[in-house]
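Here's the letter readout for the chains.
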Amino acid sequence: MPTGTVTSPDGRTLFTDRQGRVLRLRGLNLGKTDTVTEERIADLARDGFGLVRLNIQWEKVEPRRGRYDTGYLRYLDHILDWADRYRVLVLIDWHQDVYGPVFGHNGTPAWATRTDGLPFEPNPHDWFADYFQPAVQAAFTHLYDDADLRAAQGAAYAKVAEVLRGHRSLLGYDLFNEPFGPVPGDPNDPQDQIDASAALERGRLADMYRRLIRAVRSSDRDAWLFLEPTVLIGQGVPTSLPAFDDPRPGADRLGYAPHYYDTAVESGADWDPSSRFIERYEAAVADYPTTSRLPVLVGEWGPPQATTPGNAQLMQRQVASMDRFAAGWALWYDCRADNGGGYCAYDRSGGPAPGKEPAFAPYAPAVAGIPDSESYAPTTRTYTLTMTADRATRRAWTVLSLPAAAFPHGARVSVTGGGPAVVVGAGGPGRAGLLLPTARPGAAVRVTVTAR
């Protein structure tokens, strides 16, 4: 798992392991329903993914106040056992949508939902609009402000951290999925929402994150802890979150986990490149993690379907975009247990969903050097990685993920710029290792992989 970070020449903060290799995390969201099995973890690893963002909810951890569900905690522990076995990292996603089950969604338990008797009228055509209902706004206000709810939330986080600590597959915790409310003002006035979001991030949400950081650290000193901005990041609005301190002795293990969704695509439109969504998003997302020196892990991204020309292009463009600013990502989502449907990464036969093949492309999960660029041409089945050699290059293996969809009969690996190369494992689909024992620090290395 990542044990540290390094700053790349372009200013990004990247994960590193004990050997000094740069780790590049790619994976899928999993666990929308309680149907995660060992087979699903094994399949995910077989498809080249090294990361699971595992959706959990407070309502399932503590369905009754002060009573933790030991069966559910054992279920989570088993998932990490399987991830240990298949060498897949797990990011625990403390998930909520529209606060919780009282409002027909998921997240915070019913016993921790206080509405002040205010109305809730769900919108059957726009679930996100439910966030602006008075009862939902009241519930968020009480969660942020009421001392007993703050304490209970922190205790639940500490309990899960106590159960799961020590797993080598445990990357860490995404502390609060898509944080929201209270956001007073006109939901149809963009400036009102920008101002309310900024006030939330600087105030109540920042205070929550400080409490939850302390809660997890009371049980686990090693896990990475990821902070999410509000969803306005997807509209090109930079976050107003402050910097945070990690009480962990030694180096901080804090990260930034924005989501990467285009609002128009979410509403059913085909992506329009002229909207400059990607350019605006990259500009909005850059400053906070650079200033705070946080690795970026995009916790959710991807269109509902990628069968239309615009959305298929969006998939390609987002993969390339994240290589420019992020240390990793998790596509939304592995929905095979839900029989396909919207956002599914897979088709019903278990292959990549049409148009979503770029998420399944070859990549380098671990680079003994500083990665510069990466590309895959599906028409010629050619993968290219360029990197700059450093002190780790001579003594540590660079790992290449070469999934069967790209290289069904194995691959040929050639290297220029790093001296004689040692290559193992390229005879069949899966993974290959590359060692450059004579590479000099600073040397430009180019790795080219073609199909047999």
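Relevant structure appears above.
Conventions used here
- Residues numbered from 1 in each chain as written.
- Predicted model: local features only at pLDDT ≥ 70, side-chain atom pairs only at ≥ 80, totals over all residues.
- Heavy atoms only, no water.
- Pairing = 2+ DSSP bridges.
- Helix = DSSP H or I, 4+ residues; strand = E, 2+ residues; numbered from the N terminus.
- Contact = heavy atoms within 4.5 Å.
- Axes fitted to C-alpha atoms, helices over the stretch in contact; angles between N-to-C directions.
- 1 Å grid on protein atoms, 1.4 Å probe; cavity = no way out; pocket = protein on both sides within 12 Å on 5 of 7 lines; lining within 4 Å.
- Points joined across faces, edges and corners; volume = space filled by probe spheres on them.
- Nonpolar A, V, L, I, M, F, W, Y, C, P; charged D, E, K, R; others polar.
- Disulfide = S-S within 2.5 Å.
- Buried < 20%, exposed > 50% of the residue type's maximum accessible area, 1.4 Å probe, protein only.
- Patch = residues over 30% accessible without salt bridge, like charges linked within 9 Å, V, L, I, M, F, W, Y side chains within 5 Å.
- Areas by Shrake-Rupley, 256 points an atom, 1.4 Å probe, with all protein chains shown as cover.
- Salt bridge = Lys/Arg side-chain N within 4 Å of Asp/Glu carboxyl O.
- Polar contact = N/O pair within 3.5 Å; in protein donor to acceptor, adjacent residues only side chain to side chain.
- Parallel < 35°, antiparallel > 145°, perpendicular 65-115°, else oblique.
- Left-handed = near helix turned anticlockwise from the far one by under 90°.

Trainee: I keep staring at the sheet that holds strand S4 (residues 25-30) and nothing clicks. Help me out?
Mentor: Neighbouring strands of a sheet are bound in pairs by backbone hydrogen bonds; such pairs are parallel or else antiparallel. Spatially, the eight strands line up as an open sheet ordered S9-S8-S7-S6-S5-S4-S13-S11, and their pairing is parallel. At either margin of the open sheet sits one strand with a lone partner, and together these are strand S9 (254-256) and strand S11 (297-298). By the bridge criterion, six bridges tie strand S5 (residues 51-56) to strand S6 (residues 89-94) in an arrangement that is parallel. Note that in S6 the partner of Leu54 across the bridge is Ile92. Helix H3 (residues 70-86) contacts S5, S6 and strand S7 (170-174) of the sheet and is inclined by roughly 175° relative to S5.

Trainee: Can you walk me through the sheet that holds strand S16 (residues 382-388) in this structure?
Mentor: Spatial strand order, S15-S16-S21-S18: four strands in an open sheet with antiparallel pairing. Two strands in the sheet have a free side with no partner beyond their single neighbour: strand S15 (370-377) and strand S18 (411-416). With direction set aside, neighbouring strand axes in the sheet form an average angle of 15°. Relative to strand S21 (residues 444-451), S16 runs antiparallel, the two sharing seven bridges. Each residue of the ladder has a partner; that of Thr384, found in S21, is Thr448.

Trainee: Please explain the layout of surface pockets as it appears in this structure.
Mentor: In this model, the largest pocket occupies a volume close to 1200 Å³. Contributing to the lining of the largest pocket are 44 residues, with Trp127, Phe128, Glu178, Val231 and Glu266 lying nearest its centre. Elements that contribute at least two residues to the lining of the largest pocket include exactly helix H6 (190-202), strand S10 (259-260) and helix H8 (263-266). Considered class by class, the residues forming the lining of the largest pocket number 19 nonpolar, 17 polar and eight charged. Looking at the second largest pocket, its volume works out to about 820 Å³. Contributing to the lining of the second largest pocket are 37 residues, with Arg26, Val319, Pro358, Ala361 and Tyr376 lying nearest its centre. Within the residue set of the lining of the second largest pocket, elements represented by two or more residues are S4, helix H10 (309-325), strand S13 (328-331) and S15. Counting residues per element, the lining of the second largest pocket draws most heavily on H10, which supplies eight residues. Its residues placed into classes, the lining of the second largest pocket shows 21 nonpolar, six polar and ten charged.

Trainee: Where do I start with the state of the cysteines in this structure?
Mentor: For the coordinates displayed, the defined rule picks out one disulfide. Two residues share a disulfide in this structure: Cys335 and Cys344, whose sulfurs sit 1.9 Å from each other. For the pair Cys335 and Cys344, one class covers both residues: buried.

Trainee: I keep staring at a nonpolar patch on the surface and nothing clicks. Help me out?
Mentor: Taken together, the side chains of Trp397, Val422 and Val424 define a hydrophobic patch exposed on the protein surface, amounting to about 220 Å² of accessible area. The residue Trp397 is located in the loop between S16 and strand S17 (398-402) in this model. Here Trp397 falls in the partly exposed class, since its relative accessible area comes to 31%.

Trainee: For this particular structure, what's the right way to read the environment of Arg452?
Mentor: Looking at the secondary structure, you find Arg452 in the segment after S21. In the structure, Arg452 is positioned 385 residues away from Arg67 in sequence and 57 Å away in space, judged by C-alpha atoms. Leave out the neighbours within four places in its chain, and Arg452 touches His409, Gly410, Ala411, Arg412, Ala426 and Gly427. Here Ala411 takes part through its backbone oxygen, which lies 3.2 Å from a polar atom of the side chain of Arg452.

Trainee: How should I be thinking about the packing of helix H4 (residues 134-145) against helix H7 (residues 204-217) in this particular structure?
Mentor: Interhelical geometry of H4 versus H7 gives an angle of 50° and a closest axis separation of 9 Å. In terms of orientation, H4 lies oblique with respect to H7. Handedness of the crossing formed by H4 with H7: left-handed. Only Arg204, Leu205, Met208 and Arg211 of H7 make contact with H4, whose side of the interface consists of Thr141, Leu143, Tyr144 and Asp145. Here the residues of the contact of H4 with H7 are counted per class, giving four nonpolar, one polar and three charged.

Trainee: Would you mind showing me how to read the pattern of salt bridges here?
Mentor: Between side chains of opposite charge, a pair can form when the charged atoms approach closely. For the structure shown, the criterion picks out 24 salt bridges. Asp10 serves as the salt-bridge partner of Arg12, at 3.1 Å between the closest nitrogen and oxygen. For Arg12, a relative accessible area of 12% corresponds to the buried category. The residue Arg53 makes a salt bridge to Asp93 at a minimum N-O spacing of 3.1 Å. Highlighted residues: Arg53 in strand S5 and Asp93 in strand S6, separated in sequence by 40 residues. Its relative accessible area of 0% is what places Arg53 among the buried residues. Where salt bridges share partners, they join Arg53, Asp93, Asp174, Glu228 and Glu300 into one cluster.

Trainee: Looking at this structure, I do not really get empty space enclosed by the protein. What am I missing?
Mentor: Space left empty within the atom packing is revealed by a probe, the size of a water molecule, rolled over the atoms. Counted by the stated rule, this structure contains four cavities of 30 Å³ or more. By volume, the largest cavity is sized at about 70 Å³. Residue classes in the lining of the largest cavity are distributed as four nonpolar, five polar and no charged. As a volume, the second largest cavity reaches approximately 50 Å³. Lining the second largest cavity are Ile194, Ser197, Ala198, Glu201, Pro229, Thr230, Leu232, Ile233, Val237, Pro238, Thr239 and Ser240.

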